[in-house]
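# Residue-level structural notes
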Amino acid sequence: MSGRGAWDEGRGEALREEGRVRGDGGIQKKEERRRGGEEEGGEEERRRGWEGCKGESEEMLRIASLALSLALFASSSQSCFAFLGAPKLSAMKSRPVLRNNACSTKMVFWSSKSKFTEGYDKIVKPLMKANKKWIKEKKSQDPEFFTKLGQTHKPEVYWIGSSDSRLAANEIIGAEPGEVFVSRNMANIVSKHDINLMSALQYAVDYLEVPHIIVCGHYSCSGVRAALNNENFASPLENWVAQIREVYRIHAEELESIEDKEERLRRLVECNVIESCRSVYDLTIVQNRLKATSQSQLYATPRIHAMVYDVATGELKRLNWVDRDMEDIYQMKYDIEEIRNKPLELARL
């Protein structure tokens, strides 16, 4: 092959190679243009979708405004309206629901004689009426009663009792408002983990300086009865009841010697009160106060008293919580024989 032919052949090969490169580049550019078109199309689709959603939302608001206007109009004929889950009006079967992809709104109409209103008329309204009556009675006895009550708070007793509705502290000891500072929980348990009780106790001892602390349980206590069952309650109830089961463990020998179940339950109620009194006595807050007052008074305060209320008779029973092996340096132990037949008087506690 001559030099001219070789050059032509090489030139042709170079041109063909350049064509392939350009072809590949054209394909690549075409692919890029296609992808760009898809992205632009996707953005356009999303824009149209947003505008559509926005239009639906605006339409929903217009419908809601119309419904609101209708509701306000209906209210002139002694009807009411509510949003999101209010009771339905029995006489109005329709319940318009407005929805889109983002939210769901319910508008419900009900009359003034709804279940809520009936509950108020039956329960709350009589309470409010009784309150007015009580105020009137108190003012008739002492016109300055509420004025004096609002000026000072210096109770003589801090009462730790059960949440049971039958155990109203002021009622069962005949005390007036302002005379008893009260904490209540299920089964009158004194626990260091009960922040509510510990805070109230600290306030009573350090700031109110109450001279007497009463821990009062009651027979027929549901909380104590629950502890005797072999049922595992869900938390937090189970954690609370477990503390009464611990009281049973401490006094197991005595309790298991009682054959009658009801009598055993009554004794467990008493044991629970006794252990709660010992828990009060062991608190640093109480010990510091006892030590301080023993040096400045005839006797140390606060005095700690264990009591049980008999729901069936209305009587309070005092118990000795000081163990026979316990050193009673502050003379907390009762002479049971001396107080057995004496009426309870707070002034002589």
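Here the structure is a predicted model, which means the values were calculated and not measured. (Residues numbered from 1 in each chain as written. Predicted model: local features only at pLDDT ≥ 70, side-chain atom pairs only at ≥ 80, totals over all residues. Heavy atoms only, no water.)

On a plain count of helices and strands, the protein comes out with 11 helices and eight strands. Buried residues in the protein amount to 32% of all 349 residues. When contacts within the protein are restricted to residue pairs at least 6 apart in sequence, those whose partners lie at least 24 apart make up 61%. Carbon and sulfur atoms make up 52% of the accessible area of the protein, which amounts to about 23,500 Å² in all. (Helix = DSSP H or I, 4+ residues; strand = E, 2+ residues; numbered from the N terminus. Buried < 20%, exposed > 50% of the residue type's maximum accessible area, 1.4 Å probe, protein only. Contact = heavy atoms within 4.5 Å. Areas by Shrake-Rupley, 256 points an atom, 1.4 Å probe, with all protein chains shown as cover.)

This paragraph deals with the side chain of Asp310. With respect to the helices and strands, the residue Asp310 is situated in the loop between strand S7 (303-309) and strand S8 (316-319). Overall, the relative accessible area of 15% leaves Asp310 in the buried class. From its side chain, Asp310 meets the backbone nitrogen of Ala312 in a polar contact 3.0 Å long. Once residues lying within four places of it in the same chain are set aside, the contact partners of Asp310 are Tyr219, Arg266 and Glu315. (Polar contact = N/O pair within 3.5 Å; in protein donor to acceptor, adjacent residues only side chain to side chain.)

Turning next to the packing of helix H5 (residues 195-207) against helix H10 (residues 284-294). For the pair H5 and H10, the least separation of the axes is 10 Å and the interaxial angle reads 10 degrees. Here H5 is positioned roughly parallel relative to H10, judged by the angle of their axes. Residues Leu201, Gln202, Val205 and Asp206 of H5 form the contact with H10, whose own contacting residues are Ile285, Val286 and Arg289. For the contact of H5 with H10, a count of residues per class yields four nonpolar, one polar and two charged. (Axes fitted to C-alpha atoms, helices over the stretch in contact; angles between N-to-C directions. Parallel < 35°, antiparallel > 145°, perpendicular 65-115°, else oblique. Nonpolar A, V, L, I, M, F, W, Y, C, P; charged D, E, K, R; others polar.)

The pairing of strands in a sheet happens through backbone hydrogen bonds and is either parallel or antiparallel. Strand order in the open sheet made by the five strands is S5-S4-S6-S7-S8, with mixed pairing throughout. The open sheet is flanked by strand S5 (180-185) and S8, the only strands paired with a single partner. Neighbouring strand axes in the sheet, compared pairwise and without regard to direction, differ in orientation by 25 degrees on average. In the sheet, S7 pairs with S8 via four bridges, with the strands oriented antiparallel. If you follow Tyr309 over to S8, its bridge partner there is Leu316. Of the strands in this sheet, strand S4 (157-162), strand S6 (212-218), S7 and S8 are in contact with helix H9 (residues 261-282), which crosses S7 at around 165 degrees. (Pairing = 2+ DSSP bridges.)

Tallying each qualifying case throughout the model produces six aromatic pairs. Measuring from centroid to centroid gives 5.5 Å for Tyr158 and Phe181, while their planes differ by 35 degrees, and the two rings are tilted. Remark: Phe181 occurs in strand S5 and Tyr158 occurs in strand S4; sequence separation between them is 23 residues. One exposure class covers both Tyr158 and Phe181, and it is buried. Summarising the aromatic geometry, the rings of Tyr203 and Tyr207 are spaced 5.9 Å apart at their centres and angled 25 degrees between planes, so their arrangement reads as stacked. One end of the pair, Tyr203, and the other, Tyr207, are both in helix H5, four residues apart, so they sit about a helical turn from each other. Assessed through its relative accessible area of 58%, Tyr207 is described here as exposed. Aromatic rings pair up to connect Tyr158, Phe181, Tyr203 and Tyr207 into one cluster. One residue, Lys138, lies across the ring of Phe145, its end atom 5.2 Å from the ring centre. (Phe/Tyr/Trp six-rings, centres within 6.5 Å; stacked < 30°, edge-to-face > 60°. Lys NZ or Arg CZ within 6 Å of the ring centre and 35° of its normal.)

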